[in-house]
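The lines below spell out each chain.
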Amino acid sequence: MVEHGFMGKPENIYNIDEKGCRLTLHHTQEVLAAKGTKRLHLIAPEHGENTSITIVACCNAVGQAIPPMILFKGKRRRPEWGDDMPPGTAIKMTEKGSMTCQVFIKWLTHFAKFKSVGKFLLIFDGAKSHLDANIVDVADEHDIILFCLSSDCTHELQPLDKAVFVPFEQYWDPAVLGYWSNHGERTITKARFGRIFSDVWLKSMTPNNIMSGFRATGICSFNPEVITDSAFAPSDLYFLQPSKKDREGIESDEESDCNSELCNSSVTECANDSGAPVNDERLSTSFTEILTYPNLRRKRSQDVPL
């Protein structure tokens, strides 16, 4: 940011991210029912058009949003699939309904239509579809400086993840339920997607949410202290202590499959490439320990930190 002169220019700092979206409810719903009720049913399509849709969102640090790009799965686009979408929305077809290098290049051209003259910083994650030499060439043509986040920090440094996609999820299910309650035909198709999406997009992609995301990540205003060291600390390592039932099963396996000489040996013998046995003190672990501790069973009695 210092090298290219973006400090103090929040209008020139952008973040792009993708979000998957299904044409149905995204979460299990809570309901109120009479005490003692055993079975409840939600009147909804059994499967619906549960296809893959990707929303490509982009915004800058002053709260301005670029019109989204919607990626539908398939080869041919029908005209009605663009109905009721937010103004300026671009629609593309892909084989799996997800981002590809070719589509990302098209998105850069889409992005360039809405940015002003001058250089811009574009922050994005290191997904495979974002990494291609042709992408760099197209970005250079449009004066876009690319900055790829490390894979281990995107959850902390993506403004869209922090403050836009979270409310999007909160607004999506109520919007779907509202649509179902007002329409006899409850199937949400690609042609009807825009009716729900536009409302949810406008509620979640607000200037306040966007600027909050850039502040929460420390990008703008620049503040490295926002994210504490604990956010990037290594994960604690745990092993699951076998339950009494699991230990009994292990002991029975040992009795049937292991002879006493092998189980009680503190030095494991193995064969090298020539077929000769090899004694190695590094392998000095009894079979009882091998079977007991690394064996992470489905049922766990308690978590014990190493």
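Placed above this text is the structure.
Residues numbered from 1 in each chain as written. Predicted model: local features only at pLDDT ≥ 70, side-chain atom pairs only at ≥ 80, totals over all residues. Heavy atoms only, no water.

### Some details on the packing of aromatic side chains
For step 1, the next point in the chain: Considering all chains together, one arrives at twelve aromatic pairs under this definition.
For step 2, the next point in the chain: For the ring pair W107 and F111, a centre distance of 5.2 Å and an interplane angle of 10° mean the geometry is stacked. Residue W107 and its partner F111 are both found in helix α1 (residues 101–114); the two are separated by four residues, about one turn of the helix.
For step 3, the next point in the chain: Looking at F111, the relative accessible area reads 0%, which means it is buried.
For step 4, the next point in the chain: Cluster of aromatic residues (ring-pair linked, three or more members): F72, W81, F168, W172, F193, F197 and W201.
For step 5, the next point in the chain: The residue whose ring lies beneath K190 is W81, and the NZ or CZ to ring-centre distance is 5.1 Å. (Phe/Tyr/Trp six-rings, centres within 6.5 Å; stacked < 30°, edge-to-face > 60°. Helix = DSSP H or I, 4+ residues; strand = E, 2+ residues; numbered from the N terminus. Buried < 20%, exposed > 50% of the residue type's maximum accessible area, 1.4 Å probe, protein only. Lys NZ or Arg CZ within 6 Å of the ring centre and 35° of its normal.)

### A few points about a nonpolar patch on the surface
For step 1, the next point in the chain: A surface patch of nonpolar side chains, amounting to about 320 Å² of accessible area, comprises V2, M7 and F222.
For step 2, the next point in the chain: Relative to the elements of secondary structure, F222 occurs in the loop between α7 (207–216) and β7 (238–241). (Patch = residues over 30% accessible without salt bridge, like charges linked within 9 Å, V, L, I, M, F, W, Y side chains within 5 Å. Areas by Shrake-Rupley, 256 points an atom, 1.4 Å probe, with all protein chains shown as cover. Salt bridge = Lys/Arg side-chain N within 4 Å of Asp/Glu carboxyl O.)

### A short note on the packing of helix α5 (residues 165–182) against helix α6 (residues 190–204)
For step 1, the next point in the chain: Packing of α5 against α6 leaves a shortest axis separation of 9 Å and a crossing angle of 140°. With respect to each other, α5 and α6 are oriented oblique. As α5 packs across α6, the resulting crossing turns out to be right-handed. On α6, the residues that touch P167, F168, Y171, W172, A175, V176 and Y179 of α5 are R192, F193, R195, I196, F197, V200, W201, K203 and S204.
For step 2, the next point in the chain: Looking at the contact of α5 with α6 residue by residue, the class counts come to twelve nonpolar, one polar and three charged. (Axes fitted to C-alpha atoms, helices over the stretch in contact; angles between N-to-C directions. Parallel < 35°, antiparallel > 145°, perpendicular 65-115°, else oblique. Left-handed = near helix turned anticlockwise from the far one by under 90°. Contact = heavy atoms within 4.5 Å. Nonpolar A, V, L, I, M, F, W, Y, C, P; charged D, E, K, R; others polar.)

### Observations concerning the nonpolar core
For step 1, the next point in the chain: Grouped together as the largest cluster of nonpolar side chains are 43 residues, with contacts concentrated most on I70, F72 and F193.
For step 2, the next point in the chain: For this core, the secondary structure elements donating two or more residues are β1 (13–21), β2 (53–60), β3 (65–73), β4 (90–94), β5 (120–124), α5, α6 and α7.
For step 3, the next point in the chain: Sequence-distant contacts of F193, defined by excluding residues within four places in its chain, comprise C21, L23, I53, I70, F72, M85 and W172.
For step 4, the next point in the chain: In terms of nonpolar packing, the next biggest core, distinct from the first, is built from 21 residues, V103, F104, L108 and F120 among them. (Core = buried A, V, L, I, M, F, W, Y, C linked by side-chain atoms within 4.5 Å.)

### Quick word on the pairing of β3
For step 1, the next point in the chain: Across the nine residues that make up β3, a large majority, seven, are buried.
For step 2, the next point in the chain: With six bridges joining them, β2 and β3 adopt antiparallel strand pairing. Counterpart to C59 in the pairing with β3 is A65.
For step 3, the next point in the chain: Between β2 and β3, which follow one another and run antiparallel, lie four residues, and G63 among them has a positive phi close to 90°.
For step 4, the next point in the chain: Pairing between β3 and β4: five bridges, direction parallel. Opposite I70, over in β4, you have I91 as the bridge partner. (Pairing = 2+ DSSP bridges.)

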